[in-house]
Amino acid sequence: MAQVLDGKATADRLLEEVRQGVEGRKARGLRAPCLAVVLVGEDPASQVYVRGKVRACAQTGVLSQEHLPSADIAQADLEALIDRLNADEGVDGILVQLPLPRHLDPKAALHRISPAKDVDGFHPLNQGLLFEGLPGLRPCTPSAVMRMLEIYGIELKGARAVVLGRSEIVGKPMALMLLEKHATVTIAHSRTRDLPAVCREADLLVAAIGKPGMVEGSWLKPGATVVDVGINRVEDPALAARIFAGEPKKLEQLQAKGSVLCGDVRYGEATAVAGAVTPVPGGVGPLTIAGLLLNTLQACEARRG
Ligand code: NAP
């Protein structure tokens, strides 16, 4: 039976690190870091994510601001808001919650954020620093996953790592961070031939594709470490019956609530084959928020340093 990599417990540990960092600043007579969150419109899922981020700020003593422009805001007005936050000495980190309404250009908005306040780590300057292996603000999800692997003592040097997914938010930066720690990295995606065979080579598999239960137990190398980044909502009972075999609790939740969250990996099957695996929920999700708060503290210290 695989070890469960507890993202919630790891996130609590990282948040405690942030809380102590904030306390340390206060003891030195400095103000707490401040994160400004920009949420355009009223997308319910984004509202849930933003609430989680603001709650984590409060838990760690980080100050937070919420900016809530209406869904019809013009690109120029959104960028003017970002400019104001860039110039605000009291703001250390700026996060524009994605996705944006369709008429807005997310890249242009993200590139407008000052690299020094880019706590999501999506600005090309920060991406370039990561590419060069230099310190900078790094994307929250992969950097927090790296901290979790370190905390659990997962050996990366010389390990075969497969990153499933090549997004700029997760897959690509994850691959670079694993490479930096001397893993031999393969990036797989929707055009990869014989995906199961590629995955079976992995000592470490990171799945970030957004396809519920796509990775089957038979795709895993026995003893592998499996990090499941995917967050998917399943409502179809036939799909659920296929991917939740051996997970009666998931099927009960689906019956009770009409939907259930799961990752890209069939957790029930993975626990029988893998050496260690993250659950969904309670795996990478909480880690991402902790990564954001660590970045906010880092941005604050760097600006004042
Ligand atoms: P994304 O931008 O949609 O990228 C998905 C990647 O998966 C793409 O590279 C795509 O390949 C690949 N892919 C899609 N279908 C595939 C298939 N059938 N076989 C092989 N590869 C396939 O997604 P993302 O933003 O990286 O997010 C991925 C998942 O992680 C989503 O479920 C998202 O909700 C979740 N997520 C979770 C957290 C967290 O905090 N836990 C944070 C971020 C994202 P191509 O490039 O070839 O199209």
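Procedures and definitions
Residues numbered from 1 in each chain as written. Predicted model: local features only at pLDDT ≥ 70, side-chain atom pairs only at ≥ 80, totals over all residues. Heavy atoms only, no water. Axes fitted to C-alpha atoms, helices over the stretch in contact; angles between N-to-C directions. Helix = DSSP H or I, 4+ residues; strand = E, 2+ residues; numbered from the N terminus. Parallel < 35°, antiparallel > 145°, perpendicular 65-115°, else oblique. Contact = heavy atoms within 4.5 Å. Nonpolar A, V, L, I, M, F, W, Y, C, P; charged D, E, K, R; others polar. Buried < 20%, exposed > 50% of the residue type's maximum accessible area, 1.4 Å probe, protein only. Pairing = 2+ DSSP bridges. Domains from an automatic or database assignment. Polar contact = N/O pair within 3.5 Å; in protein donor to acceptor, adjacent residues only side chain to side chain. Salt bridge = Lys/Arg side-chain N within 4 Å of Asp/Glu carboxyl O.

S.K.: Pulling in residues and values, what's your account of the packing of helix α1 (residues 7-27) against helix α6 (residues 140-151)?
M.R.: Packing of α1 against α6 brings their axes to within 10 Å, and their N-to-C directions diverge by 105°. With respect to each other, α1 and α6 are oriented roughly perpendicular. Here Thr10, Arg13, Leu14 and Glu17 of α1 lie close against α6, whose contacting residues are Arg147, Met148 and Ile151. Taken together, the residues of the contact of α1 with α6 break down into three nonpolar, one polar and three charged.

S.K.: Quick rundown of the pairing of strand β8 (residues 225-228)? Include the residues and the values.
M.R.: Because side chains alternate across β8, one face comprises the buried residues Thr225 and Val227, and the other comprises Val226 and Asp228, equally buried. Alignment of β8 against strand β11 (residues 276-277), held across two bridges, turns out to be parallel. Looking across to β11, one finds that Val226 is bridged to Val277.

S.K.: Any details on the domain arrangement of the protein chain? Residues and values, ideally.
M.R.: The domain boundaries assigned to the protein chain delineate domain 1 (30-114) and domain 2 (140-284). The straight-line distance from the C-alpha centre of domain 1 to that of domain 2 is 29 Å.

S.K.: Tell me about the sheet that holds β8, residues and numbers included.
M.R.: Across the sheet, which stays open at both edges, the six strands sit in the order β1-β11-β8-β7-β5-β6 with parallel pairing between neighbours. One side of each edge strand has no neighbouring strand; the edge strands of this open sheet are β1 (3-4) and β6 (184-188). Two strands pair when backbone bridges link them, and β1 and β11 are joined in this way by two bridges, in the parallel orientation. Bridge pairing in β11 places Gln3 opposite Ala276. Packed on one face of the sheet, helix α7 (residues 171-180) meets β5 (160-164), β6 and β7 (204-207) and runs near 170° to β5.

S.K.: Requested: an account of the side chain of Asn232, with residues and values cited.
M.R.: Within the secondary structure layout, Asn232 lies in strand β9 (residues 232-234). At 3.0 Å, the side chain of Asn232 and the backbone oxygen of Gly263 are in polar contact. If near-sequence neighbours (up to four positions away) are discounted, Asn232 is found in contact with Gly210, Lys211, Pro212, Val260, Leu261, Cys262, Gly263 and Asp264.

S.K.: Describe the pattern of salt bridges, naming the residues involved and giving the relevant values.
M.R.: Note that side chains of opposite charge can pair when their charged atoms are close. Under the criterion given, the structure shown has 18 salt bridges. For Glu301, the salt bridge is made with Arg28, and the minimal N-O distance between the two is 3.3 Å. Residue Glu301 is found in helix α12 (residues 284-304), and its partner Arg28 is found in the loop between α1 and β2 (34-38); the two are separated by 273 residues along the sequence. Judged by its relative accessible area of 52%, Arg28 falls in the exposed class. Two residues, Glu168 and Lys107, come together in a salt bridge whose shortest N-O distance is 3.0 Å. With Glu168 in the loop between β5 and α7 and Lys107 in helix α4 (residues 106-112), this pair connects stretches of sequence that are 61 residues apart. A single network of salt bridges, built from pairs that share partners, joins Arg31, Glu89, Asp92 and Arg303.

S.K.: Just give me the short version of unusual backbone geometry, but keep the residues and values in it.
M.R.: The omega torsion of the bond from Leu98 to Pro99 falls at 0°, within 30 degrees of zero and hence cis. A positive phi angle, near 75°, is found at His182, a position not held by glycine. Of note, His182 is situated in the loop between α7 and β6. The backbone of Asp194 sits at a positive phi, close to 45°, despite the residue not being glycine. Here Asp194 lies in the loop between β6 and α8 (195-200).

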